[in-house]
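Coordinate analysis (summary)
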Amino acid sequence: MFTHQDLSQLQTQSLKMQGFIRQQTYSPELEKTLRRFSSWEVAELIFRVNQSTMRGRMAADPSLPQGAVEEDGRQRWYTLQEVNELRRRLKVNRKSLMPPRPAGRRAIRAAIANFKGGSGKSTVALHFAHAAALDGYRVLCVDFDPQATLSHSMGLSDVSEEFTVWGIMARDLIHETERMNSAAQGAESGAALPRRRLPASITDMGLADLRIADFIKPTSWPTIDIIPSCANAAFVEFASAQYRHLNPEWSFFAAVSRYLDALPDDAYDMIIFDCPPAIGYQSMNAVFAADVLYVPSGPGYWEYDSTTSFVGQLAEALEDLGRFGASVPAGTLRLPKEFADIRFLLTRYEPNNELHRAMQSAFVKVFGDRVVQHPIEMTRAVEQSGRFLSSIYEIDYRDMTRETWRRARASFDQAYDEFKGHLIAAWDHIEEVEA
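These figures come from a predicted structure and were not determined experimentally.

Cut-off values and rules
Residues numbered from 1 in each chain as written. Predicted model: local features only at pLDDT ≥ 70, side-chain atom pairs only at ≥ 80, totals over all residues. Heavy atoms only, no water. Helix = DSSP H or I, 4+ residues; strand = E, 2+ residues; numbered from the N terminus. Buried < 20%, exposed > 50% of the residue type's maximum accessible area, 1.4 Å probe, protein only. Contact = heavy atoms within 4.5 Å. Areas by Shrake-Rupley, 256 points an atom, 1.4 Å probe, with all protein chains shown as cover. Pairing = 2+ DSSP bridges. Axes fitted to C-alpha atoms, helices over the stretch in contact; angles between N-to-C directions. Polar contact = N/O pair within 3.5 Å; in protein donor to acceptor, adjacent residues only side chain to side chain. Salt bridge = Lys/Arg side-chain N within 4 Å of Asp/Glu carboxyl O.

**Here's the deal with the overall build of the protein chain**
A count of helices and strands for the protein chain gives 15 helices and twelve strands. Looking at the 435 residues of the protein chain, the share that counts as buried comes to 51%. For the protein chain, restricting intrachain contacts to residue pairs at least 6 apart in sequence, the fraction spanning at least 24 positions comes to 80%. Total accessible area on the protein chain is roughly 21100 Å²; 51% of this is exposed by carbon and sulfur atoms.

**Examining the sheet that holds strand 1 (residues 37–38)**
The three strands lie next to each other as 1-3-2, forming an open sheet whose pairing is antiparallel. Because the sheet does not close on itself, it has two edges, and the strands there are strand 1 and strand 2 (68–69). Relative to strand 3 (residues 76–78), strand 1 runs antiparallel, the two sharing two bridges. Across the sheet, the residue bridging to Ser 38 is Trp 77, located in strand 3. Packing against the sheet, helix 4 (residues 80–89) makes contact with strand 1 and strand 3, and its axis sits at approximately 90 degrees to strand 3.

**Some details on the environment of Ser 229**
Residue position: Ser 229 is located in the loop between strand 9 (224–227) and helix 9 (236–246). Of the residues examined, Ser 229 reaches a relative accessible area of 2% and is grouped as buried. Expressed as a C-alpha distance, the spacing of Ser 229 and Leu 156, which sit 73 residues apart in the sequence, is 8.9 Å. Ignoring anything within four residues of it in the chain, the contact list for Ser 229 reads Asp 143, Asp 145, Pro 146, Ala 148, Ser 151, Val 159 and Thr 164. Polar contacts involving the side chain of Ser 229 include one to the main-chain carbonyl oxygen of Asp 145, which spans 2.9 Å.

**Focus: the pattern of salt bridges**
One pass over the full model with this rule turns up 25 salt bridges. Lys 420 is the partner of Asp 135 in a salt bridge, and the nearest nitrogen-oxygen pair spans 3.0 Å. Of this pair, Asp 135 sits in the loop between helix 5 (121–134) and strand 7 (139–143) while Lys 420 is found in helix 15 (residues 402–434), placing the two residues 285 residues apart along the sequence. Exposure class is identical for Asp 135 and Lys 420. Each is buried. The partner of Asp 369 in a salt bridge is Arg 370, and the shortest N-O contact between them spans 3.5 Å. The class for Arg 370 is partly exposed, based on a relative accessible area of 29%. Among the ionic contacts, a cluster of salt bridges with common partners joins Asp 172, Glu 176, Arg 179 and Arg 258.

Structural data, given as structure tokens:
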């Protein structure tokens, strides 16, 4: 027979293995570090300019970051900070290398969501965040998944649950209950409206005093921050049900949206959500805060079937939330929920697999141009990046054949380019809606 004590012992053993893996993957200080990028990568893959053009610009202006030179003198290697300084200062054909970003508007938000486990949500979120950072964007990731794969891949492992999405939701419950009580006290009707009371077990945790920035943690990428998750955050579904009972009028699904609305508009450019493989309190917060919904799916029939169920159940859940309309504060969000764009992305795709090609055709027949044109291919390099909790952008191409590495990167580059294009178009749509 097995009890919770046996499960706890199994977790302890697994945590020891996690520590061993981190020792093999991260620096000796158990901190994930970001590698440098070669002048070849910077020119051709990041800036997408001719190498000779970049070499000429570097030689003409010695004040530009010159990077670190290899012992044989053939290659220079740049930190991401140096890459971004070059991006700010260089122009090619009189064009800036800075990425497009609508002025005066908040960051665009994208949820990577599907309740099918193994569909590639965390892999997509990780690679899109890294690709966006290499593209010059400032990125905030929000890990809604208690499995915390994205957080671990970003180098965060020792996270307290109060600094996760659960903490944001509990803090929002306290603030919203206080707001409702103040409104009840100020009612002009003269009738005594009931006050909502929260137990000391919630109000005495100190969450109400946490600042916006307290939930945001830096990563090894200087332009990527994250609101992390942890295994202990799994109880958020149970806690949220209790919180709704304590205050049935609390619009729980808008907690993260209200939190993000409080960030300065220019703090980030993109906010990327990694959602859990279920429709629940956390995933509903993610989709409600998102401007764009990206649905990854494997190329098999059962994954197609699960994606179809996800779309239907999400539609029903969003429709049910319409009854909260009167309790949502003005200026935060609208009901019914609207997305600026919805896209479907095939992952683990093998172009030479007849079944995969057939399923891609089925997706296109059903979802039309909502299906992105460039699926993410399954390659050996992608498998290796998953084993080492790293994206293909973090792996040094010298650790494998350059062609193997480049093929994997090309697949993610194409998928990211489409993703960026959809987000830029959505930014324009949001401006028209919110003006």
